[in-house]
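Read off the chains here:
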Amino acid sequence: MLQLACRDLGMDCDHVVHGESASEVKQKAMVHAAEVHAEVLKTMSSPEQLAAMDQLIEAKIR
């Protein structure tokens, strides 16, 4: 089972998502982010910012 914590991404949030694959963890993380951290997502509008976030998420999944 893989997981990703919001704190791993520098957020002040105790939420942790779990999944069988990295893509499942990323999908669950994005659903949570859209619901709880929408203000942060709004600041990431450029393709470069989104790619950097995707790389960070990939690196932090364990």
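Everything numeric here is computed off the predicted structure, so don't read it as measured data. (Residues numbered from 1 in each chain as written. Predicted model: local features only at pLDDT ≥ 70, side-chain atom pairs only at ≥ 80, totals over all residues. Heavy atoms only, no water.)

**Topic: the pattern of salt bridges**
Under the defined criterion, the tally for this structure stands at six salt bridges. Measuring nitrogen to oxygen at the nearest pair gives 3.2 Å for the salt bridge that ties Asp-8 to Arg-62. With Asp-8 in the loop between strand E1 (2–5) and strand E2 (16–19) and Arg-62 in the segment after helix H3 (47–60), this pair connects stretches of sequence that are 54 residues apart. Linking Lys-26 and Asp-54 is a salt bridge whose minimum nitrogen-to-oxygen distance equals 2.8 Å. In this pair, Lys-26 sits in helix H1 (residues 22–36) while Asp-54 sits in helix H3, placing the two residues 28 residues apart along the sequence. One connected set of salt bridges, linked through shared partners, spans Arg-7, Asp-12 and Asp-14. (Salt bridge = Lys/Arg side-chain N within 4 Å of Asp/Glu carboxyl O. Helix = DSSP H or I, 4+ residues; strand = E, 2+ residues; numbered from the N terminus.)

**What to know about the side chain of His-37**
Mapped onto the secondary structure, His-37 falls in the loop between H1 and helix H2 (38–42). The buried category is assigned to His-37, whose relative accessible area is 9%. (Buried < 20%, exposed > 50% of the residue type's maximum accessible area, 1.4 Å probe, protein only.)

**Things to note about H1**
Relative to the 21 Å expected for 15 residues at 1.5 Å per residue, H1 spans 21 Å between its end C-alpha atoms, a close match to the ideal helical length. Residues of H1 that are buried include every one of Val-25, Lys-26, Ala-29, His-32 and Ala-33, and no others. Mapping the buried residues of H1 onto a view down its axis gives an arc of 130°, with all of them on the same face. Exposed and oriented more than 90 degrees from the buried face of H1 are Ser-23 and Glu-35. In the core, the buried residues of H1 are packed alongside E1, E2, H2 and H3. (Expected span 1.5 Å × (residues − 1). Arc of directions from axis to C-beta. Contact = heavy atoms within 4.5 Å.)

**Notes on the pairing of E2**
Taken residue by residue, a regular strand's side chains alternate between the two faces of the sheet. With burial as the criterion, only one face of E2 is covered, namely that bearing Val-17 and Gly-19; the residues Val-16 and His-18 on the opposite face remain uncovered. Sheet analysis places E1 next to E2, joined by four bridges and oriented antiparallel. Bridged to Leu-4 within E2 is Val-17. (Pairing = 2+ DSSP bridges.)

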